[in-house]
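Architecture and fold: a report
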Amino acid sequence: MSLETLKVVAYIWLGMAIIVHIVMFFVTAPFGRHTSEKWGISINNKLAWILMEAPSLLIMAYFLLQGTNSFRSYVWILFALWLIHYINRTFIYPLRIKATPKKMPLTIAASGAFFNLINAGLNGYYLAELAPVADYKAEWLTSNSFIIGAVMFVGGMMINWKADTILINLRKPGETGYKIPKGFLFDYISSPNLFGEIIEWSGFALMAFNLPALTFMVWTFANLVPRAKNHHDWYVRHFDNYPKERKIVFPFIF
Ligand SMILES: NC(=O)c1ccc[n+]([C@@H]2O[C@H](COP(=O)([O-])OP(=O)(O)OC[C@H]3O[C@@H](n4cnc5c(N)ncnc54)[C@H](OP(=O)(O)O)[C@@H]3O)[C@@H](O)[C@H]2O)c1
C-alpha cells in the first residue's frame with residue numbers, strides 16, 4: 001500500500017469514528033453491565049475479550065518482527081508500548097475479571113475484532129513500512145512530543161490499570177452485582193479506567209506524531225466518552241445515593 005492510499009483509508013477511518021461517536025450516544029454498546037440478549041448469539045465474556053483484542057496484539061507483533069524498518073530506528077519503542085498494553089488487554093485483563101453469567105454478543109466481539117484489525121493494520125504498516133526512518137532517530141527521544149507523550153502514555157496506562165483493578169476487586173468471590181466504587185479518581189469521575197485509556201492513546205499519538213496514531217486517539221475518544229456516559233447514567237439510575245458531584249470521565253469538566 002502506498003502512503004497516499006494509507007492516507008485515504010485513514011481519513012475514511014476518521015470519518016467512521018465521528019459517525020460511531022454520534023451513534024453511540026443513542027445506542028448503548030451491549031457488553032458488561034449493558035449486555036443484552038436482543039443482539040443475538042452471545043459468547044463467554046472472557047473468551048470474547050481475548051478474541052476481540054488478539055488481532056491488535058498479533059498484527060503489531062507481526063509488523064515489529066517482519067517489518068522492513070522496525071529496527072532501523074527507535075520506532076520499536078512504539079511497538080513495545082503497544083504490545084505491553086495489548087498483552088494486558090488480550091490475556092491479563094480477561095483472566096482477571098470476575099467470572100459472571102454475563103455473555104457478550106458475538107456482533108460486539110466481531111466489531112471489536114474488526115476495529116482492532118484496521119487500527120493495528122494502519123498503525124503497524126505505517127510504522128514498519130511507510131514512516132520516514134529519520135522521524136524516529138535518537139533526536140526523537142529528546143523531543144518534547146516524545147517526552148510529554150511518553151509521560152501521558154505511562155501515566156494513562158497506570159490510571160487505567162489501577163482503576164480496572166479497583167473495579168475488579170469490588171466483587172468478593174462468587175458475587176456478581178455492582179457497588180459504588182470509591183477512592184482514587186472515582187471520587188471525581190465515574191470511569192477513571194476509560195479516562196486513563198484516553199490519556200494513554202493521546203500520549204501515544206503525541207509520541208508517534210503521525211496520522212494513524214491520530215486516528216487511534218480519535219477512535220478511543222469517540223468510543224469511550226459515550227461508554228463512560230452510559231456507565232455514569234447507569235450508576236445514577238441504579239443507586240439513589242450515587243455521589244452527585246461525580247463527573248462522567250474528565251475530572252471537573254464532563
Ligand atoms: N480502547 C478502546 O476503545 C476500549 C474500548 C472498550 C474498552 N476498553 C477498555 O477495556 C476495559 C473495560 O472496559 P469496560 O467499559 O467494559 O469497563 P467497566 O464497565 O468499567 O468494567 C470493568 C470490570 O469491572 C467490573 N465492574 C465495573 N464496574 C463495577 C462495579 N461498580 N461493581 C462491580 N464490578 C464492576 C466489570 O464487570 P461487568 O463486566 O460484569 O460489568 C468488569 O469486569 C477498560 O480498561 C477500558 O479502558 C477500551
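See the structure shown above.
Residues numbered from 1 in each chain as written. Predicted model: local features only at pLDDT ≥ 70, side-chain atom pairs only at ≥ 80, totals over all residues.

**Concerning the overall build of the chain**
When helices and strands are counted, the chain shows eight helices and two strands. Each helix (α) and strand (β) of the chain, taken in turn from the N terminus, gives the series α-β-α-α-β-α-α-α-α-α. Taken against the 2.2 N^0.38 rule, which gives 18 Å for 254 residues, the C-alpha radius of gyration of the chain at 19 Å falls within 12% of a compact globule. In terms of overall dimensions, the chain has C-alpha extents of about 55 × 40 × 35 Å along its principal axes. Classification of the 254 residues of the chain by burial places 37% in the buried group. If you take every contact in the chain between residues at least 6 apart in sequence, the share linking residues at least 24 apart comes to 81%. (Helix = DSSP H or I, 4+ residues; strand = E, 2+ residues; numbered from the N terminus. Rg over C-alpha atoms; globule rule 2.2 N^0.38 Å. Buried ≥ 20, exposed ≤ 12 C-beta atoms within 10 Å, placed from the backbone. Contact = placed C-beta atoms within 7 Å.)

**Here's the deal with unusual backbone geometry**
Despite not being glycine, Phe 209 shows a phi value in the positive range, around 50 degrees. The residue Phe 209 is located in the loop between α7 (192–208) and α8 (211–238) in this model. Of note in this structure, Phe 252 is not a glycine but carries a positive phi near 70 degrees. Take Phe 252: it is sitting in the segment after α8.

**Concerning the site of the ligand**
Within the structure, the ligand sits among 22 residues, and Gly 32, Ile 97, Leu 167, Tyr 178 and Glu 197 are positioned closest to it. Those elements that place two or more of their residues in the shell around the ligand are α6 (144–168), α7 and α8. It is α8 that provides the largest number of residues to the shell around the ligand, a total of five residues. The class makeup of the residues in the shell around the ligand is eight nonpolar, seven polar and seven charged. (Near = placed C-beta within 6 Å. Nonpolar A, V, L, I, M, F, W, Y, C, P; charged D, E, K, R; others polar.)

**Focus on helix α1 (residues 3–24)**
When the terminal C-alpha atoms of α1 are compared, their 31 Å separation across 22 residues agrees well with the 32 Å that a helix rising 1.5 Å per residue should span. Little of α1 is tucked away, with zero of its 22 residues classed as buried. (Expected span 1.5 Å × (residues − 1).)

**Thoughts on the nonpolar core**
The biggest cluster of nonpolar side chains holds 44 residues, and the ones touching the most others in it are Met 60, Leu 78, Leu 127 and Phe 204. Going through the elements one at a time, α2 (45–66), α3 (76–96), α4 (106–130), α6, α7 and α8 are the ones with two or more residues in this core. Among the elements that line this core, the one with the most residues is α7, at ten residues. With ten residues, the next largest nonpolar core counts Ala 29, Phe 31, Trp 49 and Ile 108 among its residues. (Core = buried A, V, L, I, M, F, W, Y, C linked by C-beta atoms within 7 Å.)

**A closer look at the environment of Leu 106**
Within the fold, Leu 106 resides in helix α4. The spatial distance from the C-alpha of Leu 106 to the C-alpha of Ala 138 is 44 Å, given a sequence separation of 32 residues. For Leu 106, the contacting residues outside a window of four places in its chain are Gly 40, Ile 41, Ser 42 and Ile 43.

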